[in-house]
Structures are given as C-alpha cells and as structure tokens.
Amino acid sequence: MDKYVCDVCGYVYDPEVGDPDNGIEPGTAFADLPEEWVCPLCGVGKDNFSAE
C-alpha cells in the first residue's frame, strides 16, 4: 500500500500505521479512508494528498 503526503504541510499517511487518534485502524488503505477524513495536522481534505 502506498503512503500519501499532504501537499500543504507534509504529513505522511502510512496505511501500515493508519490514524488511530482519529479512528483509522492500521492497514487502512488511503483509498478506503472516509471522504470526511482530513489531515490530522492541518485539516485539509484527501484531495490535497499525493502518492509518495
């Protein structure tokens, strides 16, 4: 699974880690994140992320 980088702040979403602080379990692919998920650092949406 690919990692995705926030184009605004540089946060890296790693599917092996997930985003447990926001209820995203490890092993969740970026494509499977809920549409309402936002960057935990700067708050932008998924459309502001690029594959690493």
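Structure shown above.
Conventions and cut-offs
Residues numbered from 1 in each chain as written. Predicted model: local features only at pLDDT ≥ 70, side-chain atom pairs only at ≥ 80, totals over all residues. Heavy atoms only, no water. Phe/Tyr/Trp six-rings, centres within 6.5 Å; stacked < 30°, edge-to-face > 60°. Helix = DSSP H or I, 4+ residues; strand = E, 2+ residues; numbered from the N terminus. Buried < 20%, exposed > 50% of the residue type's maximum accessible area, 1.4 Å probe, protein only. Lys NZ or Arg CZ within 6 Å of the ring centre and 35° of its normal. Salt bridge = Lys/Arg side-chain N within 4 Å of Asp/Glu carboxyl O.

Caption draft 1: Structural context of the packing of aromatic side chains. Applying the stated rule across the entire model yields 7 aromatic pairs. Judged by centre distance (4.1 Å) and plane angle (10 degrees), the rings of Tyr4 and Phe30 are stacked. Within this pair, whereas Tyr4 is found in strand E1 (residues 4–6), its partner Phe30 is found in the loop between strand E2 (12–13) and strand E3 (49–51), the two being separated by 26 residues in sequence. By relative accessible area, which is 21% here, Tyr4 ends up partly exposed. Relative accessible area serves as the criterion here: at 9%, Phe30 is assigned to the buried category. These aromatic residues form a ring-pair network of at least three members: Tyr4, Tyr11, Tyr13, Phe30, Trp37 and Phe49. Here the basic side chain of Lys46 rests over the ring of Phe30, its NZ or CZ set 5.4 Å away from the ring centre.

Caption draft 2: Molecular detail of the pattern of salt bridges. For the structure shown, the criterion picks out 2 salt bridges. Between Lys3 and Asp14 there is a salt bridge, with its nearest N and O atoms 3.8 Å apart. Of this pair, Lys3 sits in the segment before E1 while Asp14 sits in the loop between E2 and E3, placing them 11 residues apart in sequence. Taking the relative accessible area as the measure of exposure, Lys3 reaches 35% and is therefore partly exposed. With relative accessibility at 17%, the residue Asp14 sits in the buried group. With its nearest N and O atoms 3.7 Å apart, the salt bridge here joins Lys46 to Glu35. Taken together, the residues Lys46 in the loop between E2 and E3 and Glu35 in the loop between E2 and E3 connect sequence positions 11 residues apart.

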